[in-house]
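A closer look at the structure
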Amino acid sequence: MSEVRLSTTSYVVLGMIALRGPSTPYDLKRAVGHSVGYFWHFPHAQLYSEPDRLAELGLLALSVEDSGRRRKTYSLTGPGHDALRDWLAAPTHEHFQMRDVAELKLFFNEVGEPGNVTALAAEQCAQHEKRIAVYEDMVARFGADPAAAPRMITLELGLEMEHAALRFWRALTAGDLDALRRERQDRADGHPRPE
């Protein structure tokens, strides 16, 4: 197993099957779309090819329907479970990666028209408000379910990141990045701003 290279997508597949049980590629695509797809983006076509590769490596077991659509269903094997657990236990030294087109456009803003930043900020405020509403709806629907508690931790991180981005874009819209800097310094000094 040590010479086999598994990608992050490999672990997404192993993890989703570990959480939800035997799954078809379509099941995986739907499950990812309602969960990790909010913060880990990759071509979903990989969810149709990666399970076969993992089955060839002995990390997933494959069963195919005898008739009809001949759907493929994958389940986790002992070695697959071990590989997932080893990955989860290994330290993560990488800093999180952010691929934000809005931030990229903001970086190059001096090349564009003066009103571009204002329009970009307004659009980003709306986008972050919409995502916050989606996440808060998830909290309302699943937050009281003890079985969902381990995954709600990730949702809390998502909410914090969305609120931080919204604070930035609102400050930019208001032309008051200094206020944002003061708030950040107050938090660093242990003086949270009054609500």
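Let us look at the structure shown here. These numbers were taken from a predicted model, which means no experiment stands behind them.

1. Focus: the packing of helix α1 (residues 8-20) against helix α2 (residues 25-33)
The relative placement of two packed helices comes down to the angle between their axes together with the axis-to-axis distance. Where α1 meets α2, the axes come as close as 10 Å, and the angle between the chain directions of the two elements is 90°. As far as their axial angle goes, α2 and α1 are roughly perpendicular. In contact with Val12, Val13, Met16, Ile17 and Arg20 of α1, α2 contributes Asp27, Leu28, Ala31 and Val32.

2. What to know about the pattern of salt bridges
Counted under the stated rule, the structure contains seven salt bridges. Salt-bridge contacts for Arg53 lead to Glu50; the nearest nitrogen and oxygen are separated by 3.0 Å. Taken together, the residues Arg53 and Glu50, both in helix α3 (residues 46-56) and three residues apart, mark about one turn of the helix. Arg170 is the salt-bridge partner of Glu129, the closest N and O atoms lying 2.8 Å from each other. Here the residue Glu129 occupies a position in helix α6 (residues 116-142), and Arg170 occupies one in helix α7 (residues 149-174), the gap between them amounting to 41 residues. Classification of Glu129 by relative accessible area gives partly exposed; the value is 37%.

3. Quick word on the packing of aromatic side chains
In the structure shown here, the tally under the stated rule is four aromatic pairs. Between the aromatic rings of Tyr38 and Tyr135, the centroid separation amounts to 5.6 Å while the plane-to-plane angle is 80°, which identifies the pairing as edge-to-face. Of this pair, Tyr38 sits in the loop between α2 and α3 while Tyr135 is found in helix α6, placing the two residues 97 residues apart along the sequence. Here the aromatic rings of Phe107 and Phe108 are separated by 5.0 Å at their centres, their planes lie at 90°, and the arrangement is edge-to-face. Residue Phe107 is classed as exposed on the basis of its relative accessible area of 60%. On the accessibility criterion, Phe108 (48% relative accessible area) is partly exposed.

Reading guide: rules and limits
- Residues numbered from 1 in each chain as written.
- Predicted model: local features only at pLDDT ≥ 70, side-chain atom pairs only at ≥ 80, totals over all residues.
- Heavy atoms only, no water.
- Axes fitted to C-alpha atoms, helices over the stretch in contact; angles between N-to-C directions.
- Helix = DSSP H or I, 4+ residues; strand = E, 2+ residues; numbered from the N terminus.
- Parallel < 35°, antiparallel > 145°, perpendicular 65-115°, else oblique.
- Contact = heavy atoms within 4.5 Å.
- Salt bridge = Lys/Arg side-chain N within 4 Å of Asp/Glu carboxyl O.
- Buried < 20%, exposed > 50% of the residue type's maximum accessible area, 1.4 Å probe, protein only.
- Phe/Tyr/Trp six-rings, centres within 6.5 Å; stacked < 30°, edge-to-face > 60°.

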